[in-house]
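# Residue-level structural notes
Here's the letter readout for the chains.
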Amino acid sequence: MSNTSKTALVTGATRGIGFETVRQLAQTGVHTLLAGRDRAKAVEAALKLQAEGLPVEAIVLDVTDTASIAAAADEVAKKYGHLDILVNNAGILRDEQGKKISEQTLQAWRETFDTNVFGLIAVTQSFLPLLHKSPAGRIVNVSSLLGSMTLHSDPSSPIYDFKIPAYNVSKSAVNAWTVQLAYELRDSKVKVNTIHPGYVKTDMNAGEGEIDVPDGAKTSVALALIDDAGPNGSYRYLDNVLPW
């Protein structure tokens, strides 16, 4: 299946890693839907990429709003009849710096999970029927190395002291959901994987990352474009398989 015949949708794509993921997918010829909560921002972002000659289209999708998700899925169904690639990129960080792990508010936990976990699952559930209509459906869940329970339990690991509890646990849940969904999809043409983008310089961390945004999009794009021999149910960063 050629890339030019594929349609992709990327959530949380008006800026940062999501925006760059749209750009890189579109650069390969994939018609890519740039999804954002705010229509004006989504259109503005899509126009920037269209000005580069890329096949990009704006679509409104708020991952915390079931009506918005349903409307987006209905729009894709009517226009394209299927979806080849879903990149669940939307995510937030609500933990408060300076507070202990046990002091993070329940509100912060709820808001984090509403977007990072429940929103991701809701979007996947709504678009899965369209992905099953693709000859090679692909789902990429954007997680983080901070979701690795193995590394968080290892005092010698680079993230051992990097405890942002609500965010970290939400990404562990994304990983667990990926494993469960991969089991369901094991005999289908749809594959699902979860990725660590790297420690990327974004607005979320006030630009304190180690790699630039274009590098942060590479793993999502690579897993979105895998062939039939590619992995299902894996947790990766570039060519590296990460410990759960």
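As a starting point, this report considers the structure included with it. The structure presented is a predicted model; accordingly, all values stated were derived computationally and were not measured. Along each chain, residue indices are assigned from 1 in the same order as the chain's sequence is written. In keeping with the predicted nature of the model, local features appear solely for residues at pLDDT of at least 70, side-chain atom pairs appear and are counted solely at 80 or more, and the whole-chain, interface and lining totals rest on all residues. As a rule here, side-chain values come from all non-hydrogen atoms in the structure, and water together with hydrogens is ignored.

## Looking at the pattern of salt bridges
- Put simply, a salt bridge is a Lys or Arg side-chain nitrogen that is within 4 Å of an Asp or Glu carboxyl oxygen. The tally for this structure, following the rule as stated, stands at ten salt bridges.
- A salt bridge links Lys 79 to Glu 57, with the shortest nitrogen-to-oxygen separation between them at 2.6 Å. Here Lys 79 is found in helix 3 (residues 66–80), whereas its partner Glu 57 is found in strand 3 (residues 56–60), with 22 residues between them in sequence.
- Here Glu 75 ties to Lys 79 by a salt bridge, and the two come within 3.4 Å at their closest N and O atoms. Taken together, the residues span about one helical turn, with Glu 75 and Lys 79 both in helix 3 at a distance of four residues. Think of it this way: any DSSP run of H or I at least four residues long counts as a helix, any run of E at least two long counts as a strand, and we number them from the N terminus.

## Let's talk about the side chain of His 152
- Assignment of secondary structure puts His 152 in helix 5 (residues 149–152).
- Contacts described as polar in this section are N or O atom pairs within 3.5 Å, which, within protein, must combine one atom able to donate a hydrogen with one able to accept it, while residues neighboring in sequence count only if both atoms come from side chains. Side chain to side chain, His 152 and Asn 168 meet in a polar contact 3.3 Å long.
- Here, residues are in contact when the closest pair of their heavy atoms is within 4.5 Å. Excluding anything up to four places from it in sequence, His 152 contacts Leu 146, Ile 159, Tyr 160, Phe 162, Lys 163 and Asn 168.

## A look at the side chain of Asn 116
- Take Asn 116: it is sitting in helix 4 (residues 106–132).
- With a 1.4 Å probe rolled over the protein chains alone, any residue whose accessible area is under 20% of its type maximum counts as buried; one over 50% counts as exposed, and the rest are partly exposed. When its relative accessible area of 1% is taken as the criterion, Asn 116 is described as buried.
- At 2.8 Å, the side chain of Asn 116 forms a polar contact with the backbone nitrogen of Ile 92.
- Ignoring anything within four residues of it in the chain, the contact list for Asn 116 reads Ala 90, Gly 91, Ile 92, Tyr 167, Ser 170, Lys 171 and Val 174.

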